[in-house]
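# A structural walkthrough
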Amino acid sequence: MPQDKVYELWFVPQSGSPVSVARFNTEGGGYYEVEIDLPAGLTGLKAAAITTEPFPGADRPTGSFVLLGAAE
């Protein structure tokens, strides 16, 4: 990842806008692992998603989701 970019993890609720929960870059081998608690008051998730954002991150996604995991 270029130094002027960062990955950003979003929780996407059933209604409302995505919520930023983490900003990160991967380790040397392309990996990153972290445990994240569900923010207080955020229920009914539709998905978790990752975007690539300008460093240091954004208040809302500025582009397409590069990874999307739908909740069951």
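Residues numbered from 1 in each chain as written. Predicted model: local features only at pLDDT ≥ 70, side-chain atom pairs only at ≥ 80, totals over all residues. Heavy atoms only, no water.

### Here we look at the sheet that holds strand β3 (residues 45-54)
The strand order across the open sheet built from 4 strands is β2-β1-β3-β4, with neighbouring strands paired in antiparallel fashion. Each of the sheet's edge strands pairs with one partner strand only, and the pair in question is β2 (19-24) and β4 (67-70). Put simply, the sheet's adjacent strands are angled 20° from each other on average, direction ignored. Strand direction decides the pairing type here: strand β1 (residues 5-13) and β3, joined by 9 bridges, are antiparallel. Bridge pairing links Leu9 to Ile50 in β3. (Pairing = 2+ DSSP bridges. Helix = DSSP H or I, 4+ residues; strand = E, 2+ residues; numbered from the N terminus. Axes fitted to C-alpha atoms, helices over the stretch in contact; angles between N-to-C directions.)

### Looking at the side chain of Thr51
Relative to the helices and strands, Thr51 is located in strand β3. Separated by 2.8 Å, the side chains of Thr51 and Trp10 make a polar contact. Setting aside its immediate chain neighbours within four residues, Thr51 contacts Val6, Tyr7, Glu8, Trp10, Pro61, Gly63, Ser64, Phe65 and Val66. (Polar contact = N/O pair within 3.5 Å; in protein donor to acceptor, adjacent residues only side chain to side chain. Contact = heavy atoms within 4.5 Å.)

### Things to note about the pairing of β3
Pairing of β3 with β4 involves 4 bridges; the strand directions are antiparallel. Paired with Ala48 across the strands is Gly69, a residue of β4.

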